[in-house]
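Summary of structural features
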Amino acid sequence: MAVKNDATTKLVIKVVTGTTESGKDKYSNRTFQHIAPELSTDDAYAIGTALGALQGHTVGAVSRIDSANLASE
């Protein structure tokens, strides 16, 4: 059976930083690492939108990225 080790979570806020010549939005990511993996999805979204509100740019998306190393027991 496999087990998870070293679980980490990061929060990524995608912000609109401008437009291209063709009128499409250009995006940049704001990444916040070392988020507690136990954080609920609702809390992660609330934190992401609150941090996004501090940006000078419009928020396009809030993402949560969970990762862990997998190993056999």
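Relevant structure appears above.
Residues numbered from 1 in each chain as written. Predicted model: local features only at pLDDT ≥ 70, side-chain atom pairs only at ≥ 80, totals over all residues. Heavy atoms only, no water.

1. Concerning the pattern of salt bridges
Note the cut-off: Put simply, a salt bridge is a Lys or Arg side-chain nitrogen that is within 4 Å of an Asp or Glu carboxyl oxygen. Between buried and exposed lies partly exposed: a residue is buried under 20% and exposed over 50% of the maximum accessible area for its type, with that area taken using a 1.4 Å probe on protein chains only.
Enumeration over the complete set of coordinates arrives at 1 salt bridge. Asp66 is paired through a salt bridge with Arg64; the nearest N and O atoms lie 3.1 Å apart. Under the relative-accessibility criterion, Asp66 is labelled partly exposed at 49%.

2. Here's the deal with the pairing of strand S2 (residues 25–35)
We apply this condition: DSSP calls a pair of strands paired once it identifies at least 2 bridges connecting them. Strands here are runs of E lasting at least two residues and helices are runs of H or I lasting at least four, both read from the DSSP assignment and numbered beginning at the N terminus.
Bridge count for strand S1 (residues 2–19) against S2 is 9 bridges, and the pairing is antiparallel. When the sheet's bridge partners are listed, Val15 is paired in S2 with Ser28. Where S1 folds back on S2, the antiparallel hairpin that results is connected by 5 residues, among which Gly23 adopts a positive phi of roughly 90°.

3. Observations concerning the sheet that holds strand S3 (residues 58–72)
Whether parallel or antiparallel, the strands of a sheet pair through hydrogen bonds between backbone atoms. For the record, the criterion: Axis definition: a line fitted to C-alpha atoms, over the contacting stretch in the case of helices. Angles run 0 to 180 degrees between N-to-C directions.
As summarised here, the arrangement of the 3 strands in space is S2-S1-S3, forming an open sheet in which the pairing is antiparallel. Single-partner strands in this sheet number two, and they are S2 and S3. Within the sheet, the average angular offset between the axes of one strand and its neighbour, ignoring direction, is 25°. The sheet contact formed by S1 and S3 spans 13 bridges and is antiparallel. Each residue of the ladder has a partner; that of Val16, found in S3, is Thr58.

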